[in-house]
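Chain residues, written in single-letter form:
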Amino acid sequence: MSDLRSVVEQLIRRPAFWRADPPLPLVYVTGGSYASVAVEALVGAFQNGVPFARAEDAGNGEGAEDDPHRELLKLVEALAAEMGKPVNGSLLPPPRFPLAQFVIWAREQCHGRPEGFEGDWPPRFRTNAGYGEFKHQFRRWQRSKYGSEHRTRTSADFAARAAVAWVPVGTLAIWLAGTKTELIPWDNLVALVPWAVGLAVMLIGTVFQGLMSITGSLFYRSFRRQPYLTRRRFERLPHYALRVANAEAAEVERLLVHALLRDLREAYKKRLLPWPNWGRECYGLLVLKINDPRGVRARFLRLMEETTGETGLLPPLVVVASVPEVAPRPPRAPMSLGRVSEAVRQWRTEAGRRVPDLRLSIEVPGPPELTAFQPRRPRRSRAVGYWSVVMAVLLVLPGWGGFAWWDGCGGRHWAQMKGGECVGVLNWERLNYGRLFNRDVRAWLTKIDKKNEQAEKSGNYVDVVLFGEYSPWNVDPDDPRVVSGLSELAAAEYVQSNIHSSPRLRILVANGGDDFSRAREAAEQIAAMAEDNRKLMGVVGLPRSLRGISEAIQVLHKAKIPMVSSTATADGMGTIASSGNPSQYYFHVGPTSHREARLGVSFAKWLFRDGKRVATSDNGKKIDAVIVKDRTSKDHYTGNLADGFKAALDEAHTVFRVVDELPYSAHGGLPPAAAGACGRRPDVIFYAGRAVDFVDFLTAVEGRRCGRVKVIAADDVARVMPNHGAAIAAMKQVEVYYLGLAGRWLWEFGRGAGKQPPRTKFANHLLGGRLTDMSDDNLILTYDAISLVYQAISDAFEPETAEEVREDELPSRGEIKQRLKGTSLRGAWEGTSGLIDFRGARHEPHDKVIAVMRPGRQGIPVLYCGTLDDDHAPEKQPEVCGSVPKSASPYTDEDDPDRDDGAVSRG
C-alpha cells in the first residue's frame, strides 16, 4: 500500500508563493463501509494541521431530526465555521467567510420575523415600512459581527492588513509631497506638509480599508462579478440582501456555494502587497461522508462541481468524499445545425475557463491496511517570512522611507542626495552624519559642530561656508582627497578654537561631491541659503581647479557672495563665462600655475648647472624634457599647468628641448605614459598630473630602464606626501622635487641665527608636532583663507555694534568684498603661507611664496621664492627666483580702483 500520508501531503502542500496555484481534485472514494475507513486513513493526520472541515450524513437518509445539516444553508454555515477556526501553531489568521455569511443572513430572514414587526417577512420590494425595518436589521447584523473578543481580534487582523497596504503608499506620498526638510522643522512649519500628507494617507487609507473589511463592504463587490443573482450596478447592499432573501431557493443555493468558494479563494489569492496568503503553506481540506446520493452533502458536492465549471473559479480546497457510487456526468444534448455559432461560442467560453475534470475516483474493494500516522504540525517558515515582511513594511520601510524622504542626507535643510552623495551644506542643523562620510570626516565635523554650538550660544556670530570635497569615504585612508578634506576641516576647527571675541564664527561645511562633480548643485544650495541668512558672509575653500569649481564660482558670483579659494591655482579660475572678466567676488590665497611653471623650469635649469650636461648653447647640449599631463577635459589645473611648463621651456629653448608631451588618462593610461617618457630617455620629467595618480606614475617609471631621471611636479602632489613621502624619497632611479604652496618648515628654513621672522600662532602650533598626518598646503592655505575672511568681517563691524549686533546691523557681503579688496600694499595680510597682497583685478596674491620641496612626511624645503614675511624678508632671494614673475595678472596696481594703502595686517 502506498504512503497515504505523503500522497495527501503532496496534494495540500502549496507551491512557492510566486507560482500559480494548481487545480485541486475532488477525491471520490467508493467501497461501502471500507470507503469511510480509507478516508480516515487519508485525512486523519491532517485535521488539526490545516484549515479543515468535516460533514457526515446522520444516517441512511435525509429525514433524521437530529441531523444538524439537513439544509444546505446549515451545511455551508457549519463548513464556514469549521474552516474559519485558527490552525494552532500556524501563526496565521484563518480564512474569513464574509460573502457566505452575507448570503446565509439574507436567507435566514425567511425563517424568522423581527419581534414586534407586523407584515410580510421578508418584506416585499417597494414597501417602505418593511424595507426600512429590513435595512435596520441588516445594519444591526453588520455592527454585531465583530463584537466579541474573538471577533475583535478579527477586526484587528483586518486593520493590520490595511496598514501593511497603506504604509508604503503613505511613504510614497511623503516622497512625492516634498523632499527637503528635517524631522520636526520648528523654524519652518511649512516643511511639515509632506509629513502631514503622508501620515494622513496612511491613517485615512488604513481606517477606510479596515472598516470596509470589517463590515464586508470590500468583499461584497464580488457579487457584481459572478453570474448567480448578480448585484446590480449602484445597488445598495440592503436592497441586494432583500433580493437574495426573496429569490428562488435553487438560485440562492448556487450563489451560496459559489460565495463559500470565493471566500476561500480570497484567502489564498496572490497579492502584490504582503497578505496572509504569502504565509499559507497548505490548502484547506474538506471531508464529506455521503450515504444518500440525493442528500444535502451530495447536492453540495454537485453544486461545487457545477459552479466551478461555470465560473472557472478553482477553489484552494482538497475535497475527500466517501460516496456509495460516483454518479456519471449528465450528457450534453446536441445542438441543431442552426445553432452551431452558439455551440462554438459556448465551447470557447468553457475552454477559456481552463477547468479540468476535477474528479479523482478511488475504489476500496476490501479493508485497507491501516497505519498510525503522526499528526501533521504546521511548518512555520512561510509564516515567519510573511510576518518578517510585514514588520519590515510597518517598521523598516517607514524608517528607510523617512531617511530617503530626507533626500538621503538625514533631513538636512540645505543638502540633497545627488548620485549617491550628500551634496550641499552638511551642518546647518546638528544632525547625525550616519554613514554618509568617512569616519575621520565625521569626527572633525562633530568638533566643528561643537564650536558652532558655542558660537550660537553667544548670540553674536557670523557664518562662513567651507566648500570642500568630503564624499569619498569608501576609499583608502591615504587617498589624497581624504587627506586634503581632513586638512581643511582641521584648519577650520583651529580657527574657531582661537576666536574668542565678537563676532564668533560659525563654520558651515559644504560638500561639492567627489572630484567636485556636484559643486554647482552645492553652490546653488548655498546661494539659496544666503537669501534667507544674512549672517552668511562668504565662502572659503574651493580648493581645486576643476570644471565643477568653476561652475560653482559662476553661481556664487551671481549671488554676490565673496569667495576666497585656498589651493586652486589655475590662471583662469574666477573668470566669469558670460563676460570673460574676472569676478570681483573671487579671491585666492595661493599662487597661480603660471608662476609655478616658471619656478619649476627655472629650478630645473639651476639643478642641471653642475650636472653632466652643461646647459649652454655653446656646445649644443640641451636638457631633454618630457611633459606628462592629465588629459581630463574637466580639469583646468593640469592642462593649464602643462601649458605653463611648455611656454616656460619654449622661452628657454637654448637650454631645454621638449622631446615629448604625453597625455594620460586615470583609467589605464599611466603605464603607457611612463613607458613613453622613459623611451625618450629624458633628463627631466615635468609632471602636470594629479596627486591621486602620482605614486602610480613614479612606480611605473621606477620599474623601467629609465636611467636616473629627475621629476619635477606641481603643488597638487603635496597631498600624497604625508603617507607616501618617505617611500618616494627612497626611490633609486627617480629623483623627485615638487612645488609647495605652503609648509610649516618654511618658518625655520634658509635664515641665519637671529633673523627668523616671528612665527604666526598657527605656525608655532604646527611646528609643535601637531597635525603631522595632514597636507600642509591644504591645512595652511585653508587656515589663511578663513582667517582673511574673518578679519574682513571683523573690520566691517562698527565699534558700537561689535559687542551685540542685530541682524539688520550686520555688514553686507558687498562690504566684505571691499574689505578683501583692501588687502593689498600696506593693507596686506601676513599669513602662515606668506604675505597675502591682492594687487590687480584678478585678486591673486602678489609675490606669493612658492617653495621647491623634496619628498618627506611633511616635505623638505630646498628653496622658496616670494615674500614670507614683509618685515623680515631675506636680503637676497635665490637666483632661481629671478625669472619668476611676482604676479601673473596683466593688471597693475594703478589699474585697480579699489586698492587700499592701509597698514599691513598680521595673521
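Now for a description of the structure that goes with this document. Model, not experiment: these values are computed from the prediction.

Notes on the packing of aromatic side chains
Here comes step 1: Scanning the entire structure with this criterion turns up 27 aromatic pairs.
Here comes step 2: Note on Phe-223 and Tyr-240: the rings are 5.1 Å apart at their centroids and 45° apart in plane angle, and the pair reads as tilted. Pair noted here: Phe-223 is in the loop between α8 (217–220) and α9 (237–246) and Tyr-240 is in helix α9, with a separation of 17 residues, a long-range link. Assigned by exposure class, Phe-223 and Tyr-240 land together as buried.
Here comes step 3: Ring geometry for Tyr-494 and Tyr-783: centres 5.8 Å apart, planes at 55°, overall tilted. With a gap of 289 residues between them, Tyr-494 in helix α15 (residues 480–497) and Tyr-783 in helix α24 (residues 776–796) connect regions that are remote in the sequence.
Here comes step 4: The class of Tyr-494 is buried, set by a relative accessible area of 9%.
Here comes step 5: Among the aromatic residues, those joined into a ring-pair cluster are Phe-102, Trp-105, Phe-117, Trp-121, Phe-134, Phe-138, Trp-141, Tyr-220, Phe-223 and Tyr-240.
Here comes step 6: Residue placement shows Lys-535 over the ring face of Tyr-461; its charged tip is 4.5 Å from the ring centre.

Some details on the pairing of strand β22 (residues 850–854)
Here comes step 1: Within β22, 4 of the 5 residues are buried, leaving the element largely enclosed by the surrounding structure.
Here comes step 2: Note that β22 and strand β23 (residues 860–865) share 5 bridges and pair antiparallel. The residue of β23 that forms the bridge with Ile-850 is Cys-865.
Here comes step 3: Turn length for the β22-β23 hairpin, with the two strands adjacent in sequence and antiparallel, is 5 residues, and the turn residue Gly-859 shows positive phi of about 85°.

A word on the packing of helix α4 (residues 98–108) against α9
Here comes step 1: One way to put it is that α4 packs onto α9 with a least axis distance of 8 Å and a crossing angle of 60°. Considering the angle they form, α4 stands oblique to α9. Between α4 and α9 the crossing geometry is right-handed. Across the interface between the two elements, Phe-102, Val-103, Trp-105, Ala-106 and Arg-107 of α4 pack against Leu-237, Tyr-240, Ala-241, Val-244, Ala-245 and Asn-246 of α9.
Here comes step 2: Of the residues belonging to the contact of α4 with α9, the class tally is 9 nonpolar, 1 polar and 1 charged.

Structural notes on the side chain of Arg-504
Here comes step 1: Mapped onto the fold, Arg-504 is located in strand β9 (residues 504–511).
Here comes step 2: In this structure Arg-504 is buried but unpaired, with Glu-493 as the nearest side chain of opposite charge at 11 Å.
Here comes step 3: A polar contact of 3.3 Å, which involves the side chain of Arg-504, links it to the backbone oxygen of Ile-499.
Here comes step 4: Ignoring any residue separated from it by four or fewer positions in sequence, one finds Arg-504 in contact with Gln-454, Ala-455, Ser-458, Asn-460, Tyr-461, Val-462 and Ile-499.

Let's talk about the pairing of strand β4 (residues 317–322)
Here comes step 1: Summarising burial for β4: 6 of the 6 residues are buried, a large majority.
Here comes step 2: Looking at chain direction, strand β3 (residues 284–289) and β4 are connected through 6 bridges and run parallel. Its bridge partner being in β4, Leu-288 is matched across the sheet by Ala-321.
Here comes step 3: Of the crossover connections in this fold, the one passing from β3 over helix α11 (residues 296–311) to the parallel β4 is right-handed.

Examining the pattern of salt bridges
Pairing is possible between side chains of opposite charge, provided their charged atoms come close.
Here comes step 1: Across all of its chains, the model carries 38 salt bridges by this definition.
Here comes step 2: One salt bridge connects Arg-481 with Asp-479, and the closest N-O pair in it is separated by 2.9 Å.
Here comes step 3: With its nearest N and O atoms 2.8 Å apart, the salt bridge here joins Lys-646 to Asp-650. Taken as a pair, Lys-646 and Asp-650 lie in helix α19 (residues 636–651) at a separation of 4 residues, close to a single helical turn.
Here comes step 4: With a relative accessible area of 37%, Asp-650 lands in the partly exposed category.
Here comes step 5: One network of salt bridges, in which partners are shared, links Glu-9, Arg-13, Glu-281 and Arg-376.

Focus on the sheet that holds strand β16 (residues 709–713)
Here comes step 1: An order of β14-β13-β15-β16-β17-β22-β23 is seen for the 7 strands of this open sheet, with the pairing classed as mixed. Both edges of this open sheet fall to β14 (656–664) and β23, since each of them pairs with a single strand only. When strand polarity is set aside, the average angle formed by the axes of neighbouring strands in this sheet is 20°.
Here comes step 2: When strand β13 (residues 623–630) meets β14, the two strands line up parallel, connected through 8 bridges. Residue Ile-627 lies in a different strand from β14, and its bridge partner there is Glu-661.
Here comes step 3: Along the sheet, helix α21 (residues 691–702) makes contact with β13, β14, β15 (684–688), β16 and β17 (734–740), crossing β17 at roughly 160°.

Concerning the sheet that holds β9
Here comes step 1: Read across the open sheet, the 7 strands follow the order β6-β7-β9-β8-β10-β11-β12; overall the sheet is mixed. On the outer flanks of this sheet lie β6 (415–418) and β12 (586–588), each paired with one strand and no other. Across the sheet, the mean angle from the axis of one strand to that of its neighbour is 25°, orientation sign disregarded.
Here comes step 2: Pairing between β6 and strand β7 (residues 421–425): 4 bridges, direction antiparallel.

Notes on the nonpolar core
Here comes step 1: Counting residues in each nonpolar core, the largest one holds 63 residues, and the members touching the most others are Leu-79, Phe-102, Val-103, Leu-288 and Phe-300.
Here comes step 2: Sorting elements by how many residues they give to this core places helix α10 (residues 249–268) first, with 8 residues.
Here comes step 3: Counting 56 residues, the second largest nonpolar core, distinct from the first, contains Met-774, Ala-796, Trp-829 and Phe-838.

So, the packing of α4 against α10
Here comes step 1: Packing of α4 against α10 brings their axes to within 7 Å, and their N-to-C directions diverge by 155°. With respect to each other, α4 and α10 are oriented roughly antiparallel. Between α4 and α10, the contacting residues are Pro-98, Leu-99, Ala-100, Val-103, Ile-104 and Arg-107 on the first element and Ala-249, Val-252, Leu-255, Leu-256, Ala-259, Leu-260, Arg-262 and Asp-263 on the second.
Here comes step 2: A breakdown of the residues in the contact of α4 with α10 according to their chemical character gives 11 nonpolar, no polar and 3 charged.

Overview of helix α3 (residues 72–83)
Here comes step 1: When the terminal C-alpha atoms of α3 are compared, their 16 Å separation across 12 residues agrees well with the 16 Å that a helix rising 1.5 Å per residue should span.
Here comes step 2: If you check which residues of α3 are buried, you get Leu-72, Leu-73, Leu-75, Val-76, Ala-78, Leu-79, Ala-80 and Met-83.
Here comes step 3: Where the residues of α3 are buried, they touch β2 (52–56), α4, α10, β3, α11 and β4.

Points about empty space enclosed by the protein
Here comes step 1: As enumerated under the stated definition, the model contains 5 cavities of 30 Å³ or more in all.
Here comes step 2: Roughly 170 Å³ of volume is contained in the largest cavity.
Here comes step 3: When its residues are assigned to classes, the lining of the largest cavity shows 12 nonpolar, 3 polar and 4 charged.

Re the state of the cysteines
Here comes step 1: Applying the stated criterion across every chain yields a total of 1 disulfide.
Here comes step 2: Two residues, Cys-865 and Cys-881, share a disulfide whose sulfurs are 1.8 Å apart. Measuring the twist about the S-S bond at about -85°, one finds the Cys-865-Cys-881 disulfide to be left-handed. Here the residue Cys-865 occupies a position in strand β23, and Cys-881 occupies one in the loop between β23 and β24 (905–906), the gap between them amounting to 16 residues. For the pair Cys-865 and Cys-881, one class covers both residues: buried.

Brief notes about the layout of surface pockets
Vacant regions in the atomic arrangement are exposed by a probe of water-molecule size rolled over the atoms.
Here comes step 1: Of the voids in this model, the largest pocket is the one considered here, and its volume is about 700 Å³.
Here comes step 2: Around the largest pocket sit 19 residues that line it, and Glu-305, Glu-306, Gly-309, Arg-329 and Arg-332 are the ones nearest its centre.
Here comes step 3: Elements represented by at least two residues in the lining of the largest pocket include exactly α11 and α12 (340–353).
Here comes step 4: Here the element with the most residues in the lining of the largest pocket is α11; it accounts for 6 residues.
Here comes step 5: Of the residues contributing to the lining of the largest pocket, the split by class is 7 nonpolar, 2 polar and 10 charged.

What counts as what
Residues numbered from 1 in each chain as written. Predicted model: local features only at pLDDT ≥ 70, side-chain atom pairs only at ≥ 80, totals over all residues. Heavy atoms only, no water. Phe/Tyr/Trp six-rings, centres within 6.5 Å; stacked < 30°, edge-to-face > 60°. Helix = DSSP H or I, 4+ residues; strand = E, 2+ residues; numbered from the N terminus. Buried < 20%, exposed > 50% of the residue type's maximum accessible area, 1.4 Å probe, protein only. Lys NZ or Arg CZ within 6 Å of the ring centre and 35° of its normal. Pairing = 2+ DSSP bridges. Axes fitted to C-alpha atoms, helices over the stretch in contact; angles between N-to-C directions. Parallel < 35°, antiparallel > 145°, perpendicular 65-115°, else oblique. Left-handed = near helix turned anticlockwise from the far one by under 90°. Contact = heavy atoms within 4.5 Å. Nonpolar A, V, L, I, M, F, W, Y, C, P; charged D, E, K, R; others polar. Lys, Arg positive; Asp, Glu negative; His and termini not counted. Salt bridge = Lys/Arg side-chain N within 4 Å of Asp/Glu carboxyl O. Polar contact = N/O pair within 3.5 Å; in protein donor to acceptor, adjacent residues only side chain to side chain. Right-handed = clockwise from strand over helix to strand, strands pointing away. Core = buried A, V, L, I, M, F, W, Y, C linked by side-chain atoms within 4.5 Å. Expected span 1.5 Å × (residues − 1). 1 Å grid on protein atoms, 1.4 Å probe; cavity = no way out; pocket = protein on both sides within 12 Å on 5 of 7 lines; lining within 4 Å. Points joined across faces, edges and corners; volume = space filled by probe spheres on them. Disulfide = S-S within 2.5 Å.

All quantities given are derived from atomic positions and should not be read as evidence of function.
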